[in-house]
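Chain by chain, the residues run as shown.
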Amino acid sequence: MVLRLGRREGRRVSPDEQFRVDALAHVNSLYGLALRLTRNRATAEDLVQETYLRAFQAASRFEPGTHLKAWLFTILHNVHRNLRRSAARSPVEVASDVVERAEATHMADEDPERQLLRETLDTDLQEALDALPDVFRQAVWLRDVEELAYAEIGRVMDVPMGTVMSRIARGRRMLYDLLTRQREGDGVTR
Amino acid sequence: MSKCRELEERLAPFVDGELPPDAQAEVEGHLEKCPPCRDTVRAQADCRALLRDRAARLRCAAPDGLVARCSALKCGSSSARRRTWLPATLAASVLLTLGGVTLYGLTATSGRVLAAQLALDHVKCRTLQHDPPAGTLEPTEAAARFARDYGWKVAVPAAPPDEDARFICVRRCMYMRGRVAHVMYGVGDRVVSLFVIPLAESPPADLAILGQRARAWSDGRQTYAIIADLPQERVARLTQYFSTELARGP
């Protein structure tokens, strides 16, 4: 019911209410990112709920006219990062640093046919995305699925532009290599 | 080759049209004479195209329950806004209070402070969950999943075998920076929370707080707390049961 309160219904809606409606319209995007970050439905739901709690509480700090979805992503990113930082252990975080360094020196030299990606199955794509280290998965997701600008991604992830560029580049490269390998492995390893 | 390395970082923004015109032209010039970089650009473009093409299907819809819970959250009232923040809802007040005491609680020796925080979290979870369903997992499966997701082995006791009790779920508490495991049970129509906190020292506490009964104890390795809206004797019985179960280890 709340979600149906639209801008154009001609009724007076308080700024808070309008903000709520506008913010809630992004629930699928937030859930999608949360799911990609956590790879766990229950945790993703917690993350989204916590994001809305904080967003609604900080509603007055949102500057109207700026990109609401990117602002919500920033909150979600921070909640997630704080949890990860303080978790007893965070093996994936460590792994991603290692991969980041390793990938810096890695330039794949195979030249697979272009058809490959067109023939990728959704499930394989999901699997490959989930296999990416967090920071690369998030950068690629924000860019290619959510279509945020580089500067917005930098603000969401709180990193400089150069890092955004390299994370997107390496994330896509890794994804490409994974999909290529997945296909080459089809019928052999699976 | 050094040119390739120099331009490497720009190939993704090149594909995305995020480079200033002169840099864009410089990359174009280089690509004309460098097949390896052309391949890199092609891989970038293919990935981008694939993800955009599948975006709608990748972004799965948020579950109805989540949408309902988020829709039930409120913004601070307009008068609260002027004062920066003032809780307009229970959830908001829980968040606010926890924000103030959370960090203190983990290092404090005060059982009361700890109990207050946990009671708040218990109330928040119970409120936000709206009639939490019985879990679909057995406690042992839930514990294994928790260990896999968070790298933290937490003993999740079975529901007390007495009247109408069932295991609901184990989740990582979003407050206290995620260092608390929150196990929920349904006992009759009430929710009972068992918290497991990696804090070795905490004096025992047995108190009424925020309309809840709270009992906390420590086994020298971890601290546990039970919070429930149940009479003192009932909570004492539950404490007896859980402390015995937990002493057996995971």
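To start, this report covers the structure provided alongside it. Since this is a predicted model, take the numbers as computed values, not measurements.

With that settled, the discussion passes to the overall build of chain B. Helix and strand counts for chain B come out as ten helices and six strands. Put simply, chain B has 250 residues, and 50% of those count as buried. For chain B, the exposed surface amounts to about 11800 Å²; the carbon and sulfur share of it is 53%.

Our next topic: the pattern of salt bridges. All names here are of chain A. In this structure the tally under the stated criterion is 26 salt bridges over all chains. One salt bridge in this structure joins Asp134 and Arg39, with 3.2 Å as the shortest N-O distance. With Asp134 in helix H8 (residues 134-145) and Arg39 in the loop between helix H2 (27-38) and helix H3 (41-57), this pair connects stretches of sequence that are 95 residues apart. The partner of Arg137 in a salt bridge is Asp134, with the nearest N and O atoms 2.9 Å apart. Taken together, the residues span about one helical turn, with Arg137 and Asp134 both in helix H8 at a distance of three residues.

With that settled, the discussion passes to helix H3 (residues 21-32) of chain B. Residue and element names in this part refer to chain B. Helix length check: H3 (twelve residues) gives 17 Å between terminal C-alpha atoms against 16 Å at 1.5 Å per residue, within 8%. Looking at H3, one finds that the buried residues are Ala23, Gln24, Val27, His30 and Leu31. Each buried residue of H3 sits inside an arc of 125 degrees when the element is viewed along its axis, so together they form one side. Residues Pro21, Asp22 and Glu32 are exposed on H3 and point more than 90 degrees away from its buried face.

Residue and element names in this part refer to chain B. Inspection of the entire model under this criterion finds nine aromatic pairs over all chains. Between Tyr185 and Phe242, the ring centres sit 4.9 Å apart and the planes meet at 40 degrees, which makes this aromatic pair tilted. A residue pair is termed long-range when its members are at least 10 positions apart, and Tyr185 in strand S2 (residues 181-187) and Phe242 in helix H10 (residues 232-247) qualify at 57 residues. Across this residue pair, the class does not change: Tyr185 and Phe242 are buried. On the numbers, 5.1 Å between centres and 70 degrees between planes, the contact of Tyr241 with Phe242 is edge-to-face. The pair formed by Tyr241 and Phe242 is uniform in burial state, with each residue classed as buried.

Looking at the element boundaries, Arg69(B) is found in helix H5 (residues 64-71). Side chain to side chain, Arg69(B) and Glu45(A) meet in a polar contact 2.7 Å long.

Glancing now at the packing of H8(A) against helix H4 (residues 35-58) of chain B. At a minimum axis distance of 9 Å, the contact between H8(A) and H4(B) shows a crossing angle of 85 degrees. The angle between the axes of H8(A) and H4(B) places the two elements in the roughly perpendicular class. Each of Val140(A), Trp141(A), Arg143(A), Asp144(A) and Val145(A) in H8(A) lies in contact with H4(B), whose residues at this interface are Arg48(B), Leu51(B), Arg52(B), Ala55(B) and Leu58(B). Of the residues assigned to the contact of H8(A) with H4(B), the class counts are six nonpolar, no polar and four charged.

About the cut-offs
- Residues numbered from 1 in each chain as written.
- Chains lettered and ligands numbered in written order.
- Predicted model: local features only at pLDDT ≥ 70, side-chain atom pairs only at ≥ 80, totals over all residues.
- Heavy atoms only, no water.
- Helix = DSSP H or I, 4+ residues; strand = E, 2+ residues; numbered from the N terminus.
- Buried < 20%, exposed > 50% of the residue type's maximum accessible area, 1.4 Å probe, protein only.
- Areas by Shrake-Rupley, 256 points an atom, 1.4 Å probe, with all protein chains shown as cover.
- Salt bridge = Lys/Arg side-chain N within 4 Å of Asp/Glu carboxyl O.
- Expected span 1.5 Å × (residues − 1).
- Arc of directions from axis to C-beta.
- Phe/Tyr/Trp six-rings, centres within 6.5 Å; stacked < 30°, edge-to-face > 60°.
- Polar contact = N/O pair within 3.5 Å; in protein donor to acceptor, adjacent residues only side chain to side chain.
- Axes fitted to C-alpha atoms, helices over the stretch in contact; angles between N-to-C directions.
- Parallel < 35°, antiparallel > 145°, perpendicular 65-115°, else oblique.
- Contact = heavy atoms within 4.5 Å.
- Nonpolar A, V, L, I, M, F, W, Y, C, P; charged D, E, K, R; others polar.

Limitation: the analysis is restricted to geometry and does not speak to function.
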